[in-house]
Amino acid sequence: MHPWPTSCHLEMPQGARRTITNFPSAYLGRSRTRSIGFPFCCLIRRLQFPRLLLLGVTCHAVVCSLWRPGLEGSASLLHLYSNKSNPEQGYCEREVRLASSLDFWTLSSENLIAVLPIDPVKENYVRKVKNCVFSIAFPTPFKSRVHLVAVSKFGIWADQLGDGRAHLIGIYMNRQGEKWELQLKGSGKTPYSRNGDGRAVLRSSVREFLCSEAMHYLRIPTSRAASLVVSDDAVWRDQFYNGNAVKERGAVVLRVAKSWFRIGSLEILAHYGELDLLRMLLDFIIQEHFPSVDVKEPNRYLDFFSTVVSETAQLIALWMSVGFAHGVCNTDNFSLLSITIDYGPFGFMEAYNPDFVPNTSDDERRYKIGNQANIGMFNLNKLLQALNPLLDPRQKQLAAQILEGYPILYDTRFRELFKAKLGLLGKSKGDDDLIAFLLHLMEKTEADFTMTFRQLSEITQSQLQELSIPQQFWALKMISKHKLFPAWVSQYLLRLKSNMNDSDSERRKRMTNVNPRYVLKNWMAESAVQKAERNDFSEVHLLQQVLRRPFQKHSAAETAGYSSPTPSWAKDLRVSCSS
């Protein structure tokens with residue numbers, strides 16, 4: 001698929017199960033539906049996708065959630081106090097109190113529990129779970145004090161995965177009537193933990209917290225991060241799987257999404273022949289999350305599949321437009337709602353390279369950035385295999401045709417996005433070549449992906465025409481050293497002339513609105529993590545502020561070098577699946 005095609009190997013799918021948690025009504029106050037009086041427990045998904053928990057990991061940190069715009073049930077829902085000894089760092093240790101009124105809150109898992117079956121085994125131990133969607137498990141509190149900082153895989157069937165360290169507490173409804181599933185990640189063992197300890201470490205939690213919010217403000221569908229709680233509990237991790245386990249600090253992220261169901265959620269049911277449950281879960285997902293699909297319609301699974309195919313193509317094209325590589329595009333990490341979830345060994349490409357792989361655990365380079373579109377089709381094929389037992393022969397044929405249309409959907413959206421990145425209006429036969437030509441020059445000169453497009457947004461046409469690239473446009477200056485750069489500039493300027501009713505200032509304004517100046521590059525996240533390990537969360541908070549407005553110049557970000565070349569100390573940074 002254009003523009004970075006690679007071979008796609010069809011292999012065995014993956015499976016999953018999951019977990020929900022309900023917090024006592026004493027913490028949640030009144031509810032519009034009913035007061036939640038369940039014990040401090042959680043339902044764990046049997047399907048493949050992380051489930052959510054609400055807040056607090058300990059009595060000290062009942063949730064001090066820093067709700068993002070659009071998520072709030074009440075502006076004064078929770079009052080957050082800074083640590084008196086470290087007020088400038090913006091985190092709290094213990095001083096959290098509920099607001100006097102929680103009237104705007106509605107939190108309930110009633111519709112999930114009423115419709116979808118729960119594992120009858122209540123004990124929390126690792127086991128094979130069948131004939132249910134959720135299991136019940138108790139979250140495990142941290143032993144030390146906590147700080148509120150802010151608020152085999154790879155294409156091979158991995159059998160039962162599920163929420164090995166995440167708990168779903170229920171569905172939160174805000175005053176706009178929007179529903180959000182709440183989940184804690186790193187909150188303890190579940191029946192799906194396998195050999196894991198149920199924990200997450202500060203390093204990976206800070207990365208997920210920052211990146212999920214960064215993606216939202218880049219206008220890319222994503223789960224959100226409401227809060228980050230850090231403890232002093234020791235968690236042992238062998239980060240690069242080389243036998244050198246080290247002690248790290250535990251952390252919990254409060255994540256929210258419209259739904260956490262994934263392709264793997266359906267795969268495992270089809271794999272074990274649990275077709276009645278598969279049909280029940282599918283109808284529930286369609287009813288709750290696909291309003292354009294009539295759940296009573298005989299072709300509803302076709303309509304559902306068509307929507308997922310289209311929106312997956314859109315999502316991956318958006319990833320590519322900002323140089324984002326997910327890192328682990330397994331079917332258990334692909335949302336049925338086509339949002340970005342499960343931020344692990346991700347990376348924003350720095351020097352342009354279609355073979356960029358952020359995950360050092362990906363030895364076969366299966367999930368390199370240039371292969372993400374193909375992996376999307378691979379995962380959609382696994383979704384189709386899961387749906388096939390519910391389709392008649394005619395529907396199977398139509399579903400196959402829908403999947404065959406995926407490359408065209410992806411290519412069309414990719415072209416639209418990159419034309420916008422170059423400020424091109426209308427259509428021209430040479431647009432694909434113009435885009436491919438620039439990407440070729442960027443690859444050969446190892447130019448920075450983000451800043452090349454951003455600086456093209458800021459430079460004037462006259463400066464380009466004269467080939468006089470000011471030093472401030474360092475990424476373009478790097479490309480200008482290539483002998484074919486003048487030829488590309490000539491073609492580009494000629495194409496810009498065909499823009500109807502356009503001016504250079506309008507072009508630059510348009511382009512700066514789609515080409516970010518700041519993305520969460522790995523070196524930026526690593527710098528914040530290193531400081532956070534020393535209880536200095538200043539850079540976490542700085543990145544929060546900067547990444548909320550990625551298209552606007554920010555003086556503190558410029559001082560920190562966020563739009564400058566990658567510092568020398570970060571040239572060989574690596575991330576892995578260890579978290």
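This is a predicted model, so every value here is computed, not measured. (Residues numbered from 1 in each chain as written. Predicted model: local features only at pLDDT ≥ 70, side-chain atom pairs only at ≥ 80, totals over all residues. Heavy atoms only, no water.)

### Observations regarding the packing of aromatic side chains
Scanning the model with the defined rule gives 17 aromatic pairs in all. Arranged with centres 6.2 Å apart and planes meeting at 65°, the rings of Phe324 and Tyr343 form a pair that is edge-to-face. Remark: Tyr343 occurs in the loop between strand E13 (324–325) and strand E14 (347–348) and Phe324 occurs in strand E13; sequence separation between them is 19 residues. When sorted by exposure, Phe324 lands in the same class as Tyr343, which is buried. Between the aromatic rings of Phe485 and Trp488, the centroid separation amounts to 6.5 Å while the plane-to-plane angle is 25°, which identifies the pairing as stacked. With a gap of three residues between them, Phe485 and Trp488 both fall in helix H14 (residues 485–497), about one helical turn apart. For Trp488, a relative accessible area of 0% corresponds to the buried category. The positively charged end of Lys258 is found above the aromatic ring belonging to Trp180, 4.8 Å away from the centroid. (Phe/Tyr/Trp six-rings, centres within 6.5 Å; stacked < 30°, edge-to-face > 60°. Helix = DSSP H or I, 4+ residues; strand = E, 2+ residues; numbered from the N terminus. Buried < 20%, exposed > 50% of the residue type's maximum accessible area, 1.4 Å probe, protein only. Lys NZ or Arg CZ within 6 Å of the ring centre and 35° of its normal.)

### Some words on helix H15 (residues 504–512)
Residues of H15 that are buried include every one of Asp504, Arg507, Met511 and Thr512, and no others. All buried residues of H15 lie within an arc of 120° about the axis, which places them on one face of the element. On its buried side, H15 packs onto helix H9 (406–421), helix H11 (449–458), helix H12 (461–465) and H14. (Arc of directions from axis to C-beta. Contact = heavy atoms within 4.5 Å.)

### Brief notes about the layout of surface pockets
Taken as a whole, the second largest pocket encloses approximately 680 Å³ of empty space. Considering the residues around the second largest pocket, the lining is formed by 27 residues, among which Glu350, Ala351, Phe356, Thr566 and Lys571 are closest to the centre. In terms of residue class, the lining of the second largest pocket is made up of 15 nonpolar, three polar and nine charged. (1 Å grid on protein atoms, 1.4 Å probe; cavity = no way out; pocket = protein on both sides within 12 Å on 5 of 7 lines; lining within 4 Å. Points joined across faces, edges and corners; volume = space filled by probe spheres on them. Nonpolar A, V, L, I, M, F, W, Y, C, P; charged D, E, K, R; others polar.)

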